[in-house]
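A look at the structure
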Amino acid sequence: MNYLSEETSPYLLQHKNNPVHWHAWNEEALHRAKSENKMMLISIGYSACHWCHVMEHEVFEDDECASFMNQHFICIKVDREERPDVDSVYMDALHIMGRQGGWPLNVFTTPDGRPIYGGTYFPKQSWLDILENLTHVFKNEPQKIEEYAGNVHEGLQQLGSVINDDSPEVFDKDFLLAAVEHWSQYWDSEEGGARKAPKFPMPNNWEFLLHHAVQHKDEKAKQHVMLTLTKMTLGGIYDQVGGGFSRYSVDGIWKVPHFEKMLYDNAQLISLYAQAYRAKKNELFADVVHQTITWLQQEMLSPQGLYYSALDADSEGVEGKFYTWSSTELKEILQNDFSFASSYFRIDNEALWEHDQNILLRTMTDEIFAKEKNISVEAVKETVHRIQEKIVNARAKRIRPGLDDKSITSWNALLIAAFCEAHKSFPKKEYLTLATACSNALIKNLKKGDNSFYHVFTKGQASIQGFLDDYAFTAEAFIQLYEVGGDEQWLHEAKQIVDSTIQYFHDEKDGLFFFTSSQSEKLIARKKEMQDNVIASSNSAMCKVLFRLGLHFSDIHYLEMSKRMMSNMLPLIDFASGYSNWLLAYQWMSIPFYEVVITGDQAEEWQTEMQQLFLPNTIIVASTLERSLPLFQNKFGTKSAIYVCSQNHCLAPTYSVEEAIAQMQ
């Protein structure tokens, strides 16, 4: 019997009609494995995963495979986005076994959940061979299984151990300079990003490099970031007519994506492009921010005011079918505009893909294109907008990719932060309104009465105890919302979240935080997430949150906790790209960090002006009315003023943005 039909996860529901007797991850399934003394197959994926779909069709829908699995294994399906804790433990196990990670992740375990074998995608015959071999060894050589399971389990327990260092913290900027210099050897100087294929957007890497470049006047790093963001925007990885980025490109030139669109990618990229726009007023970056936010509003917003997780890569069983076009189709859709579109989007040239389909892309910016065609930039933009509307309207008649309709706390928090960054760069009230609306929806639907959080909201119901990233990213987002909007409620919400996080996640031994709450289900290992990846690690996010909150509340305890985390992590930072969010926190601690406090009638006007500048290592707060928060103490006079402060010391008040910037420089 397949038990998935009662689940709410779109990924699990995709498998509800498989002949495999799938269980969801729950106590009943885990107990059954022990009571029947059967190995478990723990198969982990997510709804937008292309190779998960392929393996389902080839293996899990196959009666021969299903029959053998049902007879010899307890088979458990896990949505990695619902249960990142389970995914992380078994992904680590795969790495301990010396195998490459990815999804689908298929791990075989002893009846008590200790891993004994694993891999990612398997075709049918390989899968059957593995099932038969494991069954034979489990039955005839149980001591061999037990010994190997014990070794892997021991390895899991030792992973992520941090040596506590109580010596005084010394944060030296030379450490950063050396880390970036070493990293720069691996940059692609022609296409941006890392010098390899496939190419993944790594927003946190480029955010750190942008901050570092401006702070340390590193022109090479700045050019690398600007090149990367430009190439991505012009490439097929960006939806040229609808906005939003796909997960990654399979090649080294950002052309052919895996076409799934993930909320976490797009949220972080909105933040990054908004910051890059402040650093270099490039209209290409502005277009990305506006267009991607519009796409999110139109396609990813739930009735509750939260945002959905992902759009699938496939439609009608074909990857990318929703997004690609033949030139014949485009001629019919565009009529007189086809010639312009053909040149602009490189149709049947660079855009040509397989089966005579085109992945719309560009090879030049609007400014260069206008110059080549000897027309105005405004005329180019007007024509492109008309073409985009025609293609989007035609696309709306196609069968849409599958929607993963669950809303994840941490990913929505990343989007709140993105709206705040967009508001700084483009001070439109609508972006601040979007940030506030999403924050209210998150509080209403995912916060519990005891100030803890659920992880996911699906089909009208919140579930699963929140993980460290849910708390860390939400606190970070609320701090930003307070800073750009001035509503103290959000700063106090952030403090409440942080205090709960310390209570339920903190490890006194090394100062870091476990990924799971002390109230959560106990797995075979309790992990700490420390390495930054496509999303920053939850511990590096907490390090930054504690630092920032410590400044807002003049709380020495928070600041010391943040610095202890950083100090204990330093011996583990062996390559910058895997720890870029930690390095951003390190930059805050190694050179002056400014708290800019603006008061008086002109406070909001000056704040808006300053926020549109790119100012690393700075928080800006403003109020027209007296406030009791520590940063505002003794800073209200008879006229508007700007106070530049650092390390509990404030310079003389200034009375213009220009003077304040001069003080910081």
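Right above here is the structure, for reference.
With respect to the state of the cysteines
Overall, the coordinates contain two disulfides when judged by the stated rule. The disulfide bridge from Cys49 ends at Cys52, spanning 2.3 Å between sulfur atoms. Taking the sign of the S-S torsion, about 80° here, the bridge from Cys49 to Cys52 comes out right-handed. As far as burial versus exposure is concerned, Cys49 and Cys52 are alike and both buried.

Here we look at the side chain of Thr324
Here Thr324 is to be found in the loop between strand 11 (318-319) and helix 13 (327-334). The buried category is assigned to Thr324, whose relative accessible area is 3%. A polar contact of 3.1 Å, which involves the side chain of Thr324, links it to the backbone oxygen of Gly320. Residues within four places of Thr324 in sequence aside, it is in contact with Phe259, Glu329, Trp353, Gln357, Asn358, Ile359 and Arg398.

Side note on the sheet that holds strand 13 (residues 407-408)
Across the sheet, which stays open at both edges, the three strands sit in the order 13-14-15 with antiparallel pairing between neighbours. The open sheet has two free edges, formed respectively by strand 13 and strand 15 (461-465), since each of these has just one partner strand. Here strand 13 pairs with strand 14 (residues 454-458) via two bridges, running antiparallel. Pairing of Ile408 across the sheet is with Val456, part of strand 14.

Examining the pattern of salt bridges
Under the counting rule described, the total for this entry stands at 37 salt bridges. Note that Asp112 is salt-bridged to Arg114, the shortest N-O span being 3.1 Å. On the basis of relative accessibility, which here comes to 37%, the residue Asp112 falls in the partly exposed class. Arg114 gets classed as buried once you look at its relative accessible area, which sits at 12%. A network of salt bridges, in which partner residues are shared, links Asp79, Glu81, Asp404 and Lys406.

Details of the pairing of strand 5 (residues 115-119)
In terms of burial, strand 5 is a largely internal element, four of the five residues being buried. Note: strand 4 (residues 105-109) against strand 5, four bridges, orientation antiparallel. In the sheet register, Phe108 faces strand 5, and the bridge partner there is Tyr117.

Looking at the sheet that holds strand 9 (residues 310-311)
Reading across the sheet, the three strands line up as 8-9-12 and stay open at both edges, with antiparallel pairing between neighbours. Unpaired on one side and paired on the other, strand 8 (261-262) and strand 12 (403-404) mark the two borders of the sheet. With two bridges joining them, strand 8 and strand 9 adopt antiparallel strand pairing. The partner of Lys261 across the bridge, within strand 9, is Leu311.

Quick notes on the packing of helix 22 (residues 556-569) against helix 23 (residues 580-590)
Taken N-terminus to C-terminus, the directions of helix 22 and helix 23 make an angle of 120°; their axes are 11 Å apart at the nearest point. By the angle between their directions, the pair helix 22 and helix 23 is classed as oblique. As for how helix 22 packs across helix 23, the hand of that crossing is left-handed. For the pair helix 22 and helix 23, contact is made by Ser562, Lys563, Met565, Met566 and Met569 and by Trp582, Ala585, Tyr586 and Met589, respectively. Across the contact of helix 22 with helix 23, the residue classes break down as seven nonpolar, one polar and one charged.

Describing unusual backbone geometry
The omega torsion across Trp103 and Pro104 is 5°, close enough to zero to call that bond cis. Going from Ala197 to Pro198, the amide bond is cis rather than trans, its omega being 0°. As for its position among the elements, Pro198 is in the loop between helix 8 (173-183) and helix 9 (203-216). One non-glycine residue with positive phi stands out, namely Asp348, at about 60°. Judged by its relative accessible area of 38%, Asp348 is partly exposed.

Quick notes on the pairing of strand 2 (residues 39-45)
Of all seven residues making up strand 2, seven are buried, and the element is well covered by its neighbours. Burial along strand 2 is two-sided: the residues Met39, Leu41, Ser43 and Gly45 and Met40, Ile42 and Ile44 are all buried. By the bridge criterion, seven bridges tie strand 2 to strand 3 (residues 73-79) in an arrangement that is parallel. Looking across to strand 3, one finds that Gly45 is bridged to Asp79. Sheet topology note: the strand 2/strand 4 ladder contains five bridges and is antiparallel. Across the sheet, residue Ile42 finds its bridge partner in strand 4, namely Val107.

Calculation notes
Residues numbered from 1 in each chain as written. Predicted model: local features only at pLDDT ≥ 70, side-chain atom pairs only at ≥ 80, totals over all residues. Heavy atoms only, no water. Disulfide = S-S within 2.5 Å. Buried < 20%, exposed > 50% of the residue type's maximum accessible area, 1.4 Å probe, protein only. Helix = DSSP H or I, 4+ residues; strand = E, 2+ residues; numbered from the N terminus. Polar contact = N/O pair within 3.5 Å; in protein donor to acceptor, adjacent residues only side chain to side chain. Contact = heavy atoms within 4.5 Å. Pairing = 2+ DSSP bridges. Salt bridge = Lys/Arg side-chain N within 4 Å of Asp/Glu carboxyl O. Axes fitted to C-alpha atoms, helices over the stretch in contact; angles between N-to-C directions. Parallel < 35°, antiparallel > 145°, perpendicular 65-115°, else oblique. Left-handed = near helix turned anticlockwise from the far one by under 90°. Nonpolar A, V, L, I, M, F, W, Y, C, P; charged D, E, K, R; others polar.

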